[in-house]
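Below are the chains, spelled out letter by letter.
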Amino acid sequence: MSSSNREGSAFQFQDQRVRNAIVYNLPFSNVAVSSAPQTMLSFIRRLKQSYESVSKHVPPDDEARFLELRRNLQSISFGEAVLEKGELNRSRKDHPLQIAVLGPTQAGKSSVINWLLEKKLAEVSPLAGFTVHPQGFCINLPPDRVEWIDGYFRQYQRCPRDVLPSDRYDCFALLETAADARHVLSGSVLWDTPDFDSVDAEEYRQAVLRVAALADVVLLILSKDKYADLSVWELIDLLEPLSQPTVICLNKIEKTSYQTLVGSLQEKWRNARRDPPPPIITVPYLENIQVDDFALLHSERTQLLGAVDRAIREVRRERHAKNAKHFVQVHWRDWLAPVKAEHSLKTEWHSLVDEAVRDSLNLYKRDYLNHPHHYETFQRALAELLTLLEIPGLAGTLLTARKIVTWPVRQIVKLGQAVGGRRQQSISGEAAILHQAAEHLFIRISETILLKRDDDPSRQAWWKEMAGLLRTTRPVLTNRYELAVDQYIRAFQPEIEKTAHSLYDRLREHPAVLNGLRATRVTTDAAALAVALHTGGIGVQDFIIAPAMLSLTTMLAESALGRYMSKAAADLKQKQFKAVEALFDRTVHAYLNGLPGQMDTSRQFNISPEAIESAEAQLV
């Protein structure tokens with residue numbers, strides 16, 4: 001499809017402005033209806049709006065998706081009109097009978113209308129696509145019986161037929177006409193419709209479908225050249241769930257071909273639909289018929305009017321609600337497939353984020369919590385424990401060292417903040433690994449997005465937009481994460497001190513062990529190292545591998561405190577891992593899960609699974 005045709009086709013997707021102001025105050029616009037149909041209709045309207053929005057943003061090279069959306073949008077628009085017909089049946093049970101004359105190009109629809117009414121009402125032309133607006137002929141009907149039609153065609157402007165604009169397709173006309181009161185069509189509205197298969201049919205097909213949905217009876221005009229066209233059978237298939245009484249007029253037929261063409265048409269009908277073929281009335285050539293020639297085809301006209309009369313007698317408006325529901329059920333899966341595909345993409349994204357976060361947490365666990373050389377948190381707890389032992393000769397130092405000795409260091413750090421404009425401090429081993437875990441997460445997600453973009457072209461646009469969002473938000477998210485890491489490390493310090501106090505309380509339950517620790521030179525050396533650690537004289541890793549500290553750890557492990565110390569270390573690790581999980585959840589995880597919500601909403605259907613579930617409940 002060329003770009004120019006595609007732009008023209010998109011006309012039907014536009015939510016056109018209503019130019020006829022009176023439709024807002026018409027009774028049809030304010031009819032009282034039951035809640036269930038109202039809910040389904042509102043859902044269908046919302047679905048239609050979503051389709052219109054998404055269709056406008058399909059990439060030019062994704063023609064298959066564009067055609068899929070256009071095809072679904074046509075049946076959705078038809079479904080909307082069908083449900084509105086249901087509202088009309090409930091609010092205006094006695095509204096005039098509606099007969100839609102439908103057919104492809106040059107089938108002779110307008111000529112047949114004139115022939116049936118024995119008047120030159122519908123304009124005819126040998127040119128294809130001459131009729132581009134719906135035109136309703138109100139037969140023996142006063143204006144107040146058809147005023148609701150403006151509301152039904154609320155997106156169209158009613159115009160006098162002689163001023164219908166050729167460059168606008170959002171218009172229609174109503175014409176009053178008189179006929180014998182005994183005429184089969186008396187008291188009905190007979191609709192002449194545009195061709196649904198001409199070159200410009202995409203521009204006005206919605207108007208054809210709206211008339212077809214309004215119809216109580218369908219009069220399908222076909223010719224020998226068009227009866228087998230795909231567009232004809234697509235329309236016949238679309239109408240099937242509604243079970244509208246139908247009559248086929250096989251026009252412009254040579255008498256020698258009657259039996260052959262009727263048999264072929266009936267066979268195609270049986271192959272396409274499950275209901276029996278409708279009456280088929282054959283009519284010879286009628287093009288450019290003159291007013292005084294109507295009597296020449298009296299027999300065929302009588303047959304056609306008789307078939308239409310029998311179809312009228314078959315109309316059962318009370319069955320419309322069931323048929324409308326059936327129509328929605330038939331098309332529901334196709335309509336919702338792109339919407340559910342969007343849900344699937346979001347679910348896939350959430351799974352990707354979940355897996356990436358889980359992988360990063362496992363990296364943190366492997367490279368820090370379970371690493372024999374990198375893990376330092378419990379050693380900090382032991383350093384806090386040494387400050388509680390009140391070792392002779394060092395108790396005073398341990399109580400005041402941090403305040404006195406670290407004062408200059410704290411002042412230098414504050415000065416660095418003021419001068420540099422940001423906090424200057426060394427990154428602990430744990431913080432470094434947490435930063436590596438986040439970097440790993442972003443790399444993992446970015447690489448997976450690239451793979452998914454190349455995996456399925458139909459989903460490429462979605463993943464491309466997600467890649468752009470991730471690239472844009474990553475610096476901000478990384479900065480927030482780093483600040484959150486620093487806050488976590490400070491916030492976890494009380495847990496370290498709590499562990500130290502629990503170890504000290506346990507030691508107090510074993511006075512012999514406590515006094516033995518206080519009396520050893522190893523403990524005194526380790527306590528001195530603890531002071532150095534607190535005052536910044538040594539780093540945590542130096543503290544851990546110092547011989548005095550290793551000896552003290554061995555003494556504690558081999559004492560009565562050994563089992564309890566192992567449990568305290570395990571508990572501290574567990575609390576630490578939960579704290580880091582919470583860190584990821586409230587920063588990286590939550591933010592990335594919500595990233596699809598930042599996508600361009602005009603490119604998305606934005607219909608929740610809950611909304612679909614609520615609508616589907618009405619189809620049961």
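See the structure printed just above.
Residues numbered from 1 in each chain as written. Predicted model: local features only at pLDDT ≥ 70, side-chain atom pairs only at ≥ 80, totals over all residues. Heavy atoms only, no water.

(A) How the structure looks around the overall build of the protein. Looking only at helices and strands, the protein features 21 helices and 8 strands. Every one of the 620 residues in the protein was classed for burial, and the buried ones make up 50%. (Helix = DSSP H or I, 4+ residues; strand = E, 2+ residues; numbered from the N terminus. Buried < 20%, exposed > 50% of the residue type's maximum accessible area, 1.4 Å probe, protein only.)

(B) Fine view of the packing of helix H10 (residues 320–369) against helix H14 (residues 429–455). Orientation of H10 relative to H14, taken along the N-to-C sense of each, is 150°, at an axis distance of 9 Å. By the angle class used here, H10 and H14 are roughly antiparallel. Every pair of crossing elements has a handedness; the one defined by H10 and H14 is right-handed. Its residues assigned to classes, the contact of H10 with H14 comprises 14 nonpolar, 4 polar and 7 charged. (Axes fitted to C-alpha atoms, helices over the stretch in contact; angles between N-to-C directions. Parallel < 35°, antiparallel > 145°, perpendicular 65-115°, else oblique. Left-handed = near helix turned anticlockwise from the far one by under 90°. Nonpolar A, V, L, I, M, F, W, Y, C, P; charged D, E, K, R; others polar.)

(C) Broad picture of the state of the cysteines. Taken as a whole and judged by the stated rule, the model has 0 disulfides. With no disulfide of its own, cysteine 171 has cysteine 159 as its nearest cysteine by sulfur position, at a separation of 4.0 Å. (Disulfide = S-S within 2.5 Å.)

(D) Here's a closer look at the nonpolar core. Phe43, Phe78 and Trp332 are the most contacted members of the largest nonpolar core, which has 73 residues in total. Counting residues per element, this core draws most heavily on helix H3 (residues 63–91), at 9 residues. Leaving out residues up to four positions away in the same chain, tryptophan 332 has contacts with Met40, Phe43, Ile44, Ile612, Ala615, Glu616 and Leu619. By size, the runner-up hydrophobic cluster in this structure holds 55 residues, among which are Tyr368, Ile445, Val580 and Leu595. (Core = buried A, V, L, I, M, F, W, Y, C linked by side-chain atoms within 4.5 Å. Contact = heavy atoms within 4.5 Å.)

(E) Quick look at the pairing of strand E6 (residues 217–223). Counting buried positions along E6 yields 7 of 7 residues, so the element is predominantly enclosed. The two faces of E6 match: Val217, Leu219, Ile221 and Ser223 on one face and Val218, Leu220 and Leu222 on the other face are all buried. With 4 bridges joining them, strand E1 (residues 97–102) and E6 adopt parallel strand pairing. When the bridges of E6 are listed, leucine 102 appears paired with leucine 220. (Pairing = 2+ DSSP bridges.)

(F) A look at H14. Along its 27 residues, H14 runs 39 Å from first to last C-alpha, staying within 8% of the 39 Å computed at 1.5 Å per residue. Looking at H14, one finds that the buried residues are Glu430, Ala431, Ile433, Leu434, Ala437, Ala438, Leu441, Phe442, Ile445, Thr448, Ile449 and Lys452. (Expected span 1.5 Å × (residues − 1).)

(G) Broad picture of the packing of aromatic side chains. Inspection of the entire model under this criterion finds 15 aromatic pairs. Geometrically, the ring pair formed by phenylalanine 78 and phenylalanine 327 is edge-to-face, given 5.2 Å between the ring centres and 75° between the ring planes. One end of the pair, phenylalanine 78, is in helix H3; the other, phenylalanine 327, is in helix H10, and 249 residues separate them in sequence. Here the two residues phenylalanine 78 and phenylalanine 327 agree in accessibility, since each one is buried. With a centroid separation of 4.9 Å and 25° between ring planes, the pair formed by phenylalanine 153 and phenylalanine 172 is classed as stacked. In this pair, phenylalanine 153 is assigned in the loop between helix H5 (149–152) and strand E3 (157–158) and phenylalanine 172 in strand E4 (residues 171–177), connecting sequence segments 19 residues apart. Look at phenylalanine 172 and you get buried, because its relative accessible area is 0%. Cluster of aromatic residues (ring-pair linked, three or more members): Tyr152, Phe153, Tyr156, Phe172 and Trp191. Above the plane of the ring of phenylalanine 577 lies lysine 365, whose end atom (NZ or CZ) is 4.3 Å from the centre. Geometry around tyrosine 375 places lysine 573 over its ring, the cationic atom sitting 4.8 Å from the centre. (Phe/Tyr/Trp six-rings, centres within 6.5 Å; stacked < 30°, edge-to-face > 60°. Lys NZ or Arg CZ within 6 Å of the ring centre and 35° of its normal.)

(H) Looking closely at the sheet that holds E3. Ordered in space as E3-E4-E2-E5-E1-E6-E7-E8, the 8 strands form an open sheet in which the pairing is mixed. With partners counted over all chains shown, the strands left at the sheet margins are E3 and strand E8 (280–282), one partner each. Across 3 bridges, strand E7 (residues 246–251) lies against E8 in parallel orientation. By the bridge assignment, cysteine 249 is partnered in E8 with isoleucine 281.

(I) Representation of unusual backbone geometry. Phi at serine 243 is positive, roughly 50°, even though this residue is not glycine. For serine 243, the location among the structural elements is in the loop between helix H7 (230–239) and E7. Assessed through its relative accessible area of 48%, serine 243 is described here as partly exposed. A positive phi angle, close to 55°, is found at asparagine 606, a residue other than glycine. The residue asparagine 606 is located in the loop between helix H20 (562–593) and helix H21 (609–616) in this model.

(J) Layout of the environment of histidine 326. For histidine 326, the location among the structural elements is in helix H10. For the pair histidine 326 and leucine 242, spaced 84 residues apart in sequence, the C-alpha to C-alpha distance is 7.6 Å.

(K) Structural context of helix H8 (residues 258–272). Taking 1.5 Å as the rise per residue, H8 with 15 residues should run 21 Å; its terminal C-alpha atoms sit 21 Å apart, in good agreement. Along H8, the residues that are buried comprise Tyr258, Leu261, Val262, Leu265 and Trp269. With its buried residues spanning 100° around the axis, H8 presents them on a single face. Exposed side of H8, more than 90 degrees from the buried face: Gln259, Thr260, Arg270 and Asn271 are the residues found there. Buried residues belonging to H8 abut E6, H7, E7 and E8. (Arc of directions from axis to C-beta.)

Don't take any of this as a statement about function, it's just geometry.
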